[in-house]
Amino acid sequence: MKDERSTHLINRRKLIGGAALGVGATAWLSAIPGWNEAAATPAGELSLGLNLVPPGFNPLTAVSASQRWPFFTVLSTLTKPDPANKTFYGDLADTWEVSEDALTYTFHLREGVTWHDGAPFTAADVEFTYTMAVHPESGTTLAGRFALIKGAAAFTAGETDTLEGIEVIDDNTIAFTMEFPNGLFLNETVMLPIMPKHILGEVAPAEIGAQPQVINQVIGTGPFKWVSYAQDQYIEVEANPDYHFGPPAINKIVFNIITSPDTLQIAMDREEVDMPALDGGTATFSMFEKFIGDERFRLDATPGSSVVGYGWNFRHDYLTDPRIHKALLHALDRQALVDAFNGGNGTIYNTHMTHAWYQKDEWADRYPFDPDAARALLEEAGWDSERVLTVNVLQFGNDDIRAMAAAEQQMLADVGLKVEYEEMDTSVWVERFYQTHEFELVRVTFGVFPDPDGFLNFHLRTTSQNAFGLATPELDAKIDEGRRLVNQEERIPVYQALAEEMLELLPVCPVYMQNMWWVRNRKFGVDFFDTTGDPPATLADIEVRTILLGHEDPWQYRAYEWTKD
């Protein structure tokens, strides 16, 4: 096979080396709350940088880290992950037990918890939130995940008006009965923030998304209280002195919305932003190169739990032929892309099903870089090489991402697969992918979830948003077979069979999975990382810490432990 790498890759330095700071960058920095050209953010006040505008703060529909970072500081969940000890701890739940048959989860709620407006928190808030998570009119994207609850699927389908699997025993006790025995439910309790029934309980489910509670005036029970949201500019939260784990060490957090990577890097360098909290990837590679040798900053890493890839819309007949999807993977020199644009930080997979416990070694070699094979597949499929496919993408966050996408575009064009990227705001992208399905392809960071059931249920069930248009009752049955098994050894052949099907259909064509690198000012203390020994001196020295559920475990769920010197 001819090595066509050098003819495809666009020179990285040529593409991104000339990026210049816009004239408005310094002026923009002056608009950051509390910004002072002569001083870093003070002790006790944390400044984080969001690279995308959050499309609302509704836990029922949130799919973006730009949403989760702010509202997880304000809202609480039943449980939290403890990545250091590979287990869960209680948040709003004080204790819980699971029945021997794995059918019933009973949670004993923490007493004395109040909402930020002073109203008491009770089991009724939990029942309300989980009911809305599967309600057919709430706009939820979570119905497939919580179909674990007995009667939830029927409730979502409108076949019944009651959700039989949830029982409020008293103000401080609630039980969930499962549709079938499973060990998955605790994973889900980590990700659903509890919403206030006393604020939303009388609102029609279809109107929840239009309420101030989920737009710009969030009231929760978490370690921080919502102060304000200036659209497209910043979100400010302040310490909750009555938090059930005690007052946070940080007095205030400002989430500054900084879409320019150049501006963000300058703000970091001036110590006006303590850490980027980025959606869809890490900071630019050039930022890591700049700050790894700067004693003011520390770099850490968590394992990858997201795959950058192309997703197909199976609702278009001309896009359903798997040979077209296979051609896309054969056309991309993915390792060269990772080396050139991401500093070699990336692992190549051929499916979104990446969990180690059911992998087969031969899957890694399924779709090597082979432009001739790609051309042959397209010819067999009768592909019109003049057709141009539109790829919906979030606004490219930095020049590295833009340059990589341009190189991919050139590689695809070389085999006769023409694409053009349409950049859009997060809210528009989410609407077109999850709701109206107005897309041919998307290129995005797909979360693979801690368990394979997570992605399959969220994306590929008939009761989910089914954005790919691939879900069928037959696929539902296969997904259910895996989730009904509690023993992991018994689950292995089920998920291997599902992975083989995904390797053939390729609803997602992965480019790579990368470890998450995090850069922060050393004044910002995060105990999970700060106990790992000496900070790395080079990019090659960055230790990848193990986690429980996802790469954001150490950040999103322990905000009350953060410090700022």
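What counts and what doesn't
Residues numbered from 1 in each chain as written. Predicted model: local features only at pLDDT ≥ 70, side-chain atom pairs only at ≥ 80, totals over all residues. Heavy atoms only, no water. Pairing = 2+ DSSP bridges. Helix = DSSP H or I, 4+ residues; strand = E, 2+ residues; numbered from the N terminus. Axes fitted to C-alpha atoms, helices over the stretch in contact; angles between N-to-C directions. Core = buried A, V, L, I, M, F, W, Y, C linked by side-chain atoms within 4.5 Å. Buried < 20%, exposed > 50% of the residue type's maximum accessible area, 1.4 Å probe, protein only. Contact = heavy atoms within 4.5 Å. Parallel < 35°, antiparallel > 145°, perpendicular 65-115°, else oblique. Left-handed = near helix turned anticlockwise from the far one by under 90°. Nonpolar A, V, L, I, M, F, W, Y, C, P; charged D, E, K, R; others polar. Salt bridge = Lys/Arg side-chain N within 4 Å of Asp/Glu carboxyl O. Phe/Tyr/Trp six-rings, centres within 6.5 Å; stacked < 30°, edge-to-face > 60°. Lys NZ or Arg CZ within 6 Å of the ring centre and 35° of its normal.

Asks: Looking at this structure, I do not really get the sheet that holds strand β6 (residues 166–170). What am I missing?
Replies: Remark on secondary structure: sheet strands pair via backbone hydrogen bonds, oriented parallel or antiparallel. Read from one edge to the other, the open sheet built from four strands follows the order β4-β5-β7-β6, with strand pairing classed as antiparallel. What marks the edges here is a single partner per strand, and that holds for β4 (93–98) and β6. Sheet twist, expressed as the average angle between the axes of neighbouring strands with direction ignored, equals 20°. One ladder, built from five bridges, connects β4 with strand β5 (residues 104–109); its direction is antiparallel. The residue bridging V98 from the neighbouring strand is Y105, located in β5.

Asks: Please explain the nonpolar core as it appears in this structure.
Replies: Nonpolar side chains tend to gather and get buried jointly when the protein is soluble and globular. Of all hydrophobic cores here, the largest spans 146 residues; its most connected members are W69, Y130, F176 and W562. Among residues more than four places away in sequence, those in contact with F176 are L78, L103, T104, Y105, F107, V126, Y130, I149, G165, I166 and F185. If you look at the next biggest cluster of nonpolar residues, it comprises 18 residues, including M268, F285, F288 and I292.

Asks: Any chance you could explain unusual backbone geometry here in plain terms?
Replies: Glycine aside, the phi torsion of most residues is negative, and most peptide linkages are trans. Positive phi, normally seen in glycine, also occurs at A102, with a value near 60°. Along the chain, A102 falls in the loop between β4 and β5. Phi at D232 takes a positive value of approximately 70°, unusual for a residue other than glycine. Relative to the elements of secondary structure, D232 occurs in the loop between β8 (224–230) and β9 (234–239). Taking the relative accessible area as the measure of exposure, D232 reaches 42% and is therefore partly exposed.

Asks: Would you mind going over the packing of helix α12 (residues 334–341) against helix α14 (residues 399–414) with me for this structure?
Replies: Angle between the axes and distance between the axes: these two values describe a pair of packed helices. In contact at an axis separation of 10 Å, α12 and α14 are set at 155° when each is read in the N-to-C sense. Between α12 and α14, the crossing angle belongs to the class labelled roughly antiparallel. Pair α12 / α14 crosses with right-handed handedness. On α14, the residues touching L337, V338 and F341 of α12 are D400, A403, M404, A407, E408 and M411. A per-class count over the contact of α12 with α14 returns seven nonpolar, no polar and two charged.

Asks: How should the pairing of strand β10 (residues 252–257) be read in this particular structure?
Replies: Along any regular strand, the residues point their side chains to alternate faces of the sheet. With six of six residues buried, β10 is to be regarded as a mostly interior element. Judged by which residues are buried, β10 turns out to be covered on both faces: K252, V254 and N256 on one side and I253, F255 and I257 on the other are all buried. Pairing between strand β1 (residues 45–50) and β10: six bridges, direction parallel. Note that in β10 the partner of L46 across the bridge is I253.

Asks: Any chance you could explain the packing of helix α16 (residues 452–460) against helix α17 (residues 473–483) here in plain terms?
Replies: Packing of α16 against α17 brings their axes to within 10 Å, and their N-to-C directions diverge by 155°. Relative to α17, α16 is oriented roughly antiparallel. Considering only the axes of α16 and α17, their crossing is left-handed. Judged by residue contacts, D453, L456, N457 and L460 of α16 engage L475, D476, I479 and R483 from α17. Considered class by class, the residues forming the contact of α16 with α17 number four nonpolar, one polar and three charged.

Asks: So what exactly am I meant to see when it comes to the pattern of salt bridges here?
Replies: Pairs can form between side chains of opposite charge whenever their charged atoms are close. Within the structure shown, the criterion is met by 29 salt bridges. Between R402 and E423 there is a salt bridge, with the nearest N and O atoms lying 2.7 Å from each other. Here the residue R402 occupies a position in helix α14, and E423 occupies one in strand β15 (residues 418–424), the gap between them amounting to 21 residues. Owing to a relative accessible area of 36%, R402 belongs among the partly exposed residues under this scheme. For K478, the salt bridge goes to E501, with nearest N and O atoms at 2.9 Å. Placement of K478 in helix α17 and of E501 in helix α18 (residues 488–505) is noted, with a sequence separation of 23 residues between them. Residues joined by salt bridges that share partners form a network here, namely D269, E271, K290, D294, R296 and K523.

Asks: I'm lost on the environment of T284 in this one. Help?
Replies: Tracing the chain through its elements places T284 in the loop between β11 (275–276) and α10 (285–291). Along the sequence, T284 and V526 sit 242 residues apart, while their C-alpha atoms lie 22 Å from each other. The contact partners of T284, leaving out residues within four places of it in the chain, are P261, Q265, N398 and D400.

Asks: Which parts of the structure should I look at to understand the packing of aromatic side chains?
Replies: Any pair of aromatic rings gets described here by the distance separating the centres and the angle formed by the planes. If you walk through the whole model with that rule in mind, you get 38 aromatic pairs. With a centroid separation of 4.9 Å and an interplanar angle of 55°, the aromatic rings of Y130 and F176 are classed as tilted. In this pair, Y130 is assigned in helix α5 (residues 123–132) and F176 in strand β7 (residues 173–177), connecting sequence segments 46 residues apart. We classify Y130 as buried; its relative accessible area is 0%. Look at F449 and F458: their rings are 5.8 Å apart centre to centre, the planes differ by 40°, and that puts the pair in the tilted class. Here F449 matches F458 in class, with each residue buried. Put simply, the rings of W429, F433, Y434, F439, F446, F449, F455, F458 and F468 pair up and form one aromatic cluster. A cation sits over an aromatic face here: R387 above W383, 5.8 Å from the ring centre. Directly above the aromatic system of F528 lies the positively charged group of R545, at a separation of 4.4 Å from the ring centroid.

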